[in-house]
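# Observations on the three-dimensional arrangement
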Amino acid sequence: MASELEPEVQGLDRSLLECSAEETAGKWLQATDLTREVNQHLAYYVPKIYCRGPNPFPQKEDMLAHQVLLGPMEWYLCGEDPELGFSKLEQTNKPSHLCGRVFKVGEPTYSCRDCAVDPTCVLCMECFLGSIHRDHRYRMTTSGGGGFCDCGDTEAWKEGPYCQKHELNTSEIEEEEDPLVHLSEDVIARTYNIFAIMFRYAVEILTWEKESELPPDLEMVEKSDTYYCMLFNDEVHTYEQVIYTLQKAVNCTQKEAIGFATTVDRDGRRSVRYGDFQYCEQAKSVIVRNTSRQTKPLKVQVMHSSIVAHQNFGLKLLSWLGSIIGYSDGLRRILCQVGLQEGPNGENSSLVDRLMLSDSKLWKGARSVYHQLFMSSLLMDLKYKKLFAVRFAKNYERLQSDYVTDDHDREFSVADLSVQIFTVPSLARMLITEENLMTIIIKTFMDHLRHRDAQGRFQFERYTALQAFKFRRVQSLILDLKYVLISKPTEWSDDLRQKFLEGFDAFLELLKCMQGMDPVTRQVGQHIEMEPEWEAAFTLQMKLTHVISMMQDWCALDEKVLIEAYKKCLAVLTQCHGGFTDGEQPVTLSICGHSVETIRYCVSKEKVSIHLPVSRLLAGLHVLVSKSEVAYKFPELLPLSELSPPMLIEHPLRCLVLCAQVHAGMWRRNGFSLVNQIYYYHNVKCRREMFDKDIVMLQTGVSMMDPNHFLMIMLSRFELHQIFSTPDYGKKISSETTHKDLVQQNNTLIEEMLYLIIMLVGERFSPGVGQVNATDEIKREIIHQLSIKPMAHSELVKSLPEDENKETGMESVIEAVAHFKKPGLTGRGMYELKPECAKEFNLYFYHFSRAEQSKAEEAQRKLKRQNKEDTALPPPVLPPFCPLFASLVNILQSDVMLLIMRTVLQWTVEHNGHVWSESMLQRVLHLIGMALQEEKQHLENVMEEHVVTFTFTQKISKPGEAPNNSPSILAMLETLQNAPYLEVHKDMIRWILKTFNAIKKIRESSSTSPVAETEGTIMEESSRDKDKAERKRKAEIARLRREKIMAQMSEMQRHFIDENKELFQQTLELDASISAVLDNSPVVSDKTLTALGPAQTRVPEQRQFVTCILCQEEQEVKVESRAMVLAAFVQRSTVLSKNRSKFIQDPEKYDPLFMHPDLSCGTHTGSCGHIMHAHCWQRYFDSVQAKEQRRQQRLRLHTSYDVENGEFLCPLCECLSNTVIPLLLPPRNIFNTLHFSDQPNLTQWIRTISQQIKALQVLRKEENTPNTALSRNLENVDELQLPEGFRPDFHPKNPYSESIKEMLTTFGTATYKVGLKVHPNEEDPRVPIMCWGSCAYTIQSIERILSDEDKPLFSPLPCRLDDCLRSLTRFAAAHWTVASLSVVQGHFCKLFASLVPGDNHGDLPCILDIDMFHLLVGLVLAFPALQCQDFSGISLGTGDLHVFHLVTMAHIIQVLLTSCTEENGMDQENASGEEELAVLALYKTLHQYTGSALKEMHSGWHLLRNVRAGIMPFLRCSALFFHYLNGVPSPPEIQASGTSHFEHLCNYLSLPNNFICLFQENKEIMKLLIESWCHNIEVKRYLEGERDAISYPRESNKLIDLPEDYSSLINQASNFSCPKSGGDKSRAPTLCLVCGTLLCSQSYCCQTELEGEDVGACTAHTYSCGSGVGIFLRVRECQVLFLAGKTKGCFYSPPYLDDYGETDQGLRRGNPLHLCRERFKKIQKLWHQHSITEEIGHAQEANQTLVGIDWQHL
Ligand SMILES: [Zn+2]
Ligand SMILES: [Zn+2]
Ligand SMILES: [Zn+2]
Ligand SMILES: [Zn+2]
Ligand SMILES: [Zn+2]
Ligand SMILES: [Zn+2]
Ligand SMILES: [Zn+2]
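Residues numbered from 1 in each chain as written. Chains lettered and ligands numbered in written order. Predicted model: local features only at pLDDT ≥ 70, side-chain atom pairs only at ≥ 80, totals over all residues. Heavy atoms only, no water.

Looking at an unreviewed UniProt entry, one finds the chain named E3 ubiquitin-protein ligase and attributed to Balaenoptera acutorostrata. According to the UniProt record, the Sequence similarities (unreviewed entry) comment for the chain reads "Belongs to the E3 ubiquitin-protein ligase UBR1-like family." The Catalytic activity (unreviewed entry) field of the UniProt record for the chain holds the comment "S-ubiquitinyl-[E2 ubiquitin-conjugating enzyme]-L-cysteine + [acceptor protein]-L-lysine = [E2 ubiquitin-conjugating enzyme]-L-cysteine + N(6)-ubiquitinyl-[acceptor protein]-L-lysine." (UniProt positions renumbered as here; feature names shortened; annotations may be inferred.)

Here's what the structure looks like:
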């Protein structure tokens, strides 16, 4: 690209660069017609700079535009060099006290919940951190882009409007001075001129609609035939459609098409072809044709290049204006003036108006540029903000209509600026009074919902797609209305009153269109054919909920307004009811000597609607009236006399009856839409303005009418009137058996009706209904929620209604009613109800759902039993009603109520058939209880002379009326308390009788009232009952406990681990402990235990028995028996890697023989420790495979494991596995022929081994020469001078059974396959190396974990780890028996040669590049292959010891070379101990060999310390290795934690304590060896600083450091842009927790190809950073992501918690989040333990939806 570009730039530049900004400005200053002069300049130059080819070159264009076009303007404006001019302006400018920072997408914003006037007031991070609000309760959210920081806006904050930074500038803001006074006249005049011309130019060209013709004053002389085919954005077509179409239309690659599509989506348009008109027209027609089939076609225009050029410059110009005004408030003011100045065409002709009004015609990019300019100019200037607000309000209707028909998201519409204007209280108030904004918004909204039914109500049924689309968009107007109302007036002017009431009128019109919408009629006979539409109406209701509440709040603030609103609302309701009683003859109802007239209406037969917003608004206003003083002081001002109680209650009652009938199953045929509607009617999102208000309306009605009349109407609406007016209904029904269903139905209706009466009397916690305040209300809600169960903060918040500020008011009261319990490592913090609050529990709390009610009942009864109390749940004591509602309580003692109670009790006493139900009785008992509580309250609070008119006790003591002379209610209760079938309710009946007596006593003491004598019997009864109850209770407890245990057991069996990890671990330890115990048992009397060498502690042979988890058979582990195997999982690992940039490039050619000390490509083996027969496992695996294949064919589903890759789940614990390890006895015991005779010393041994190696090499050479291969005989061998006792033709017999051999091969091959990611090949010479490597790597990783956790080396390991390491080590040691002897010998030779150089071994790594522990393991495990042919008497143990010593010495040299630096300030006297002198001497030798390149050291003490620290991990790993290899128990000292155990380790490993002795004992040979090591060229390069080397001890890898405050992560991510699409914000910034890289995840731009598939940035990253495994934090979602391979992944709970101990996945709640170190450690531990893949497996098994996610696209 660069080469093509350069000549072009140069060719152009010459003519353009000659143009001097200063000169041009000079010319302009002289000009008489400046506009013409400037236009000519632009007409000439703009097309020369912009749009010169198919692709834009933004940098070049910007550079030239600045030089040629903007430069002159700046010169002109300043009248001097702009650099000087602007800085002068800046100095005289008084910086703004408004922050006004415009938010980027994803930037964190903060809102103070204590001080923000409304939730839209936000601060940027910088301002927030410098404000007082950081110590308040705040919310943090991420911006969706647009909007700006409100710091400095005094109207946005109740307190602390300025941060520290902006406070500095507020000294004299009081007088609002004109910012122009700081500018000179000249500057003002010139600025005005140039701004006017440029702003007009930009508006003109951006709104220009012609495609090939420029405005006359910009037209060029000669016009080229160069056009663009411009593609525009729409929200209809998908990315894929656009990409596909473009590939076809303009013949581009997919990559280019993606690029085009991305730009179109971001900027709103992009040219996709450049050329002559014809050429572009052709592309256009292809695109249009291809996209017009289903939907409207993509918008494409063929535009002349010069128009595009001018438009591009127009945008540039607007941004330039935005930045210029940043220098000075004065300039900003001038720009505002220019923008708002009315043009020649009068109304709406200002530039600002013109831009706004063509908003929906502009493309995205142009819109956002001018919106930004508005925000930084008009909205930052207090005076012009007001003027702009007026323009905005005047155009409101047009703008909204444009928005509704436009298809772009709201954030790209100018209509979205409403939030910036309407939420400013003073502006909102001004717009209401002066522009009648409320009315305008509501009317505009109504205008868009024209579809009505015959009664003029909204009708959403049969909406077309377009109407539905419009409906969705028009909802944003409700939001505007909410903004306008959100801050409530503190003072009312007459104007405001008048305009508010006008708006209220409009609002009532709106509600009127909703009253009775979506009516339903009960379906009988057959099921409805189509579910009717219901969601739209509820959406509307839900969106309006807060507005309705706010309307009431406004009314509550001014009595005059309240009274007017009340009258208006009543009038509208009366209109709605017009024709309500028309035509029909009323019916007369009568019971108990009362009669009432009512209309003929039946819910189950006629239309009924859930939507009654007008009634409900009136109910709300009525409560406000009741709360105010007017109602009592000037009742004549209210239209109370016009109220007709039967009319008020009619519709709400129908609605409640509908709910009851649905519950009784009468509306089953009406389908789910009705069930859903009723659900939402009660739901926390709606209930405040639906269900709650219906209850209030009924309460209002009852309090204004004769309660008997009310109850009769209610009975009639419930269609139960007949039942209660027929004396013998019970008997009649029980004799008939045919109507069982109908009886059931009626029972439910009776229950529902009783419940409703309980609610009407009991629900007095709204201020205005009862004498309570708002705090009492919310307290009560919380008490009842927590009565169900303890809850987390977020759960509780969700169950409470939020106000328009998203507050529930919970935090102010929660501490009074609940205790907080902190969370542990998992789970959340919980609130628990304080015990003293339990007495306020009301079983019939009206916001309980049925399920909640029964859960709460159970929980409360259980609590009472635990406290050894009786289990009655009597109604709580209630606050008194407000006077307007006071008469409501009489409903409890009304005749009809008593009749209902008596009837139900009568049925219960008779106890026959299905006539009564327990719930019915329970409710009646509750009602009786309520009445008693009421009477008691009255008696206790009565004033001296007053007579208590509430005489429930008297009434229930009287027997029933003739004709049937039933016993009194009291008498029936006494009878019932002994009824055997009422065990559950006994406590409640007893409570009633007790309370009754208590009331009687109060009455007696005040010496009135005769009550029947019953006390004696009651007392006696109760004590006898108590015994019985106690026995029963105990039996019940025992039964429950048994059941619980049974349940737990079966649960355990079913979900072994998923449910209960800890339990799982325990059981694992239990059942696996057999092996562990056996192993630790050998009693070895020796004090000092030695793990290796000729002096190795002999361990008596032990027999080991294990049980197969599949067939449950027990078997002994023996060499010759069938193989037992452990399920195992092999994976590649980079957990220990010190170099993440390194990974295996070409696995086929990779040689793993030497592990580099950076440990970059390790292979880890883990196991769940579950043991099976090899053949049992094989059978199991085959069946899994077969099942999986069938399933995949059928369902094409993924599973959590990949069978084709050999994966399966452990049949017991479902742990992900991909192979099995055979279980073996210590393999050395089999081959170790013991020779206690003289063993060679190190020098001799090395010599012998070298000779043997030489001999083998000669033999190998011969073998490889085909001619001599056949003729090879003993003679030839003799010629070789074989070392004594060495028999290379000897091949040992494999001692293992066939089955074990097979498993050795299986596991070996699996390690090879996974570790190198190659196809399995058991013959590959690298197989044994991979086995040894996995053994070494796994031991190293466990050593690291133990060391990081400060655990002693041989602390009891979890059994699964212990078993795994033992099997793995023994397997690795036995594997050579199934490999080719010569291959293993070859490996040994090479490994050996890396330390003891021989000939013929080409390029071996230098000792700096060898991980010594891997080398040790390789040498020790390969050695038997050589030793088995050696009959000279050297034992295996001797070899092990010498190998170990040799490698240890090499490691010491490694440490001395790389890791010894003297520490300053820690001077220790030189040369104190023997060891220190020795190590200093050794160092000096090294110094000499390296030709003095090694740094000089003088402190032996430091050297020794460094060496000891450096080799410690190696020694620890070696101890583990030999322990498992030889089965020597670990010395008890090392099992304890504390000191470093250096001496004990040395003893165990047969090392001298002064390990420098090793060098002295073998002086001769070591000299030679050290010299050869030091002479390696790489060592030299290192010492000369030309390369790096790992130093020791290697530090453990940790996950990256995370900040304490989550918002700093969000901030970091918001500054991150996609690395591939040039500065675009990344949509899903994701942080790798392993290396700290930020990635642009889940997006097209950053997909790359990996092994032939497109994968997202995260998956691609895991391949380099974690060899397939990754741990990420999705910053926007606050979610941890685990990935493994391409198909496996899961989300994991993030290590950030809010103050309530909860995580916030998805950042929905916005509470401040802080790092929880323990949880982060837990994630790190999962990583260190290589358990990420296992964790994903468990998550996917538990949640199948995770399996379906395309993880590779993340
Ligand atoms: Zn700010
Ligand atoms: Zn600030
Ligand atoms: Zn605050
Ligand atoms: Zn078995
Ligand atoms: Zn298992
Ligand atoms: Zn990207
Ligand atoms: Zn990484």
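## Observations concerning the pairing of strand 18 (residues 1629–1632)
By the alternation rule, side chains of strand 18 split into Pro 1629 and Leu 1631 and Thr 1630 and Cys 1632, which are all buried. The pairing of strand 18 with strand 19 (residues 1638–1640) spans three bridges and is classified as antiparallel. Its bridge partner being in strand 19, Leu 1631 is matched across the sheet by Leu 1638. Counting the residues that bridge the hairpin from strand 18 to strand 19 gives five residues, and of these Gly 1636 lies at a positive phi of roughly 85°. (Buried < 20%, exposed > 50% of the residue type's maximum accessible area, 1.4 Å probe, protein only. Helix = DSSP H or I, 4+ residues; strand = E, 2+ residues; numbered from the N terminus. Pairing = 2+ DSSP bridges.)

## Some points on the packing of helix 17 (residues 396–405) against helix 20 (residues 437–448)
Taken N-terminus to C-terminus, the directions of helix 17 and helix 20 make an angle of 35°; their axes are 10 Å apart at the nearest point. At the point where helix 17 passes helix 20, the crossing takes the right-handed sense. Where helix 17 approaches helix 20, its residues Tyr 396, Glu 397, Gln 400, Ser 401 and Val 404 are matched on the opposing element by Ile 440, Ile 441, Thr 444, Asp 447 and His 448. Looking at the contact of helix 17 with helix 20 residue by residue, the classes come out as four nonpolar, four polar and two charged. (Axes fitted to C-alpha atoms, helices over the stretch in contact; angles between N-to-C directions. Left-handed = near helix turned anticlockwise from the far one by under 90°. Contact = heavy atoms within 4.5 Å. Nonpolar A, V, L, I, M, F, W, Y, C, P; charged D, E, K, R; others polar.)

## Re helix 51 (residues 1298–1316)
Turn by turn, an α-helix covers 3.6 residues, leaving residues three or four places apart pointing in a common direction. With 19 residues, helix 51 extends 27 Å from end C-alpha to end C-alpha; this agrees with the ideal 27 Å at 1.5 Å per step. Within helix 51, the full set of buried residues consists of Ile 1300, Met 1303, Leu 1304, Phe 1307, Gly 1308, Thr 1309, Ala 1310, Thr 1311, Tyr 1312, Val 1314, Gly 1315 and Leu 1316. In the stretch just after helix 51, Lys 1317 is the one whose phi turns positive, near 60°. (Expected span 1.5 Å × (residues − 1).)

## Structural notes on the coordination of the zinc ion (ligand 7)
Protein-derived ligands of the zinc ion (ligand 7) are Cys 1632 (SG), Cys 1635 (SG), His 1661 (NE2) and Cys 1665 (SG), with the metal-ligand distances lying across 2.0 to 2.3 Å. By relative accessible area, Cys 1635 is classed as partly exposed at 33%. (Donors = N, O, S within 2.8 Å, 3.2 Å for Na, K, Ca; no water.)

## Comments concerning helix 4 (residues 58–78)
Leu 70 marks where helix 4 bends most, by close to 50°; the proline Pro 72 follows one to four residues later. For helix 4, a buried count of 15 out of 21 residues is recorded, marking the element as mostly surrounded by other parts of the structure. Of the residues trailing helix 4, Gly 79 is marked for its positive phi of about 75°. (Bend = angle between axes of the 7 residues up to and from the residue.)

## Quick look at the coordination of the zinc ion (ligand 3)
Distances from the zinc ion (ligand 3) to its protein donors, Cys 112 (SG), Cys 115 (SG), His 133 (ND1) and His 136 (ND1), fall at 2.0 to 2.3 Å. All donors to the zinc ion (ligand 3) come from one chain, and their sequence spacing reads C-x2-C-x17-H-x2-H. Remark: His 133 occurs in the loop between helix 6 (125–129) and strand 3 (138–144) and Cys 112 occurs in strand 1 (residues 105–112); sequence separation between them is 21 residues. Exposure remark for Cys 112: the relative accessible area of 3% places this residue in the buried category.

## Digging into the nonpolar core
Counting 279 residues, the largest nonpolar core has Phe 195, Phe 313 and Phe 500 as the members making the most contacts within it. The residues touching Phe 500, leaving out its near neighbours within four places in the chain, are Met 438, Leu 485, Trp 492, Met 551, Trp 554, Cys 555 and Val 561. (Core = buried A, V, L, I, M, F, W, Y, C linked by side-chain atoms within 4.5 Å.)

## Things to note about the state of the cysteines
In a disulfide, the sulfur atoms of two cysteines are held together by a covalent bond. Scanning the entire structure with this criterion turns up zero disulfides. In this model Cys 555 remains outside any disulfide bridge; the closest cysteine sulfur is found in Cys 569, 8.9 Å from its own. (Disulfide = S-S within 2.5 Å.)

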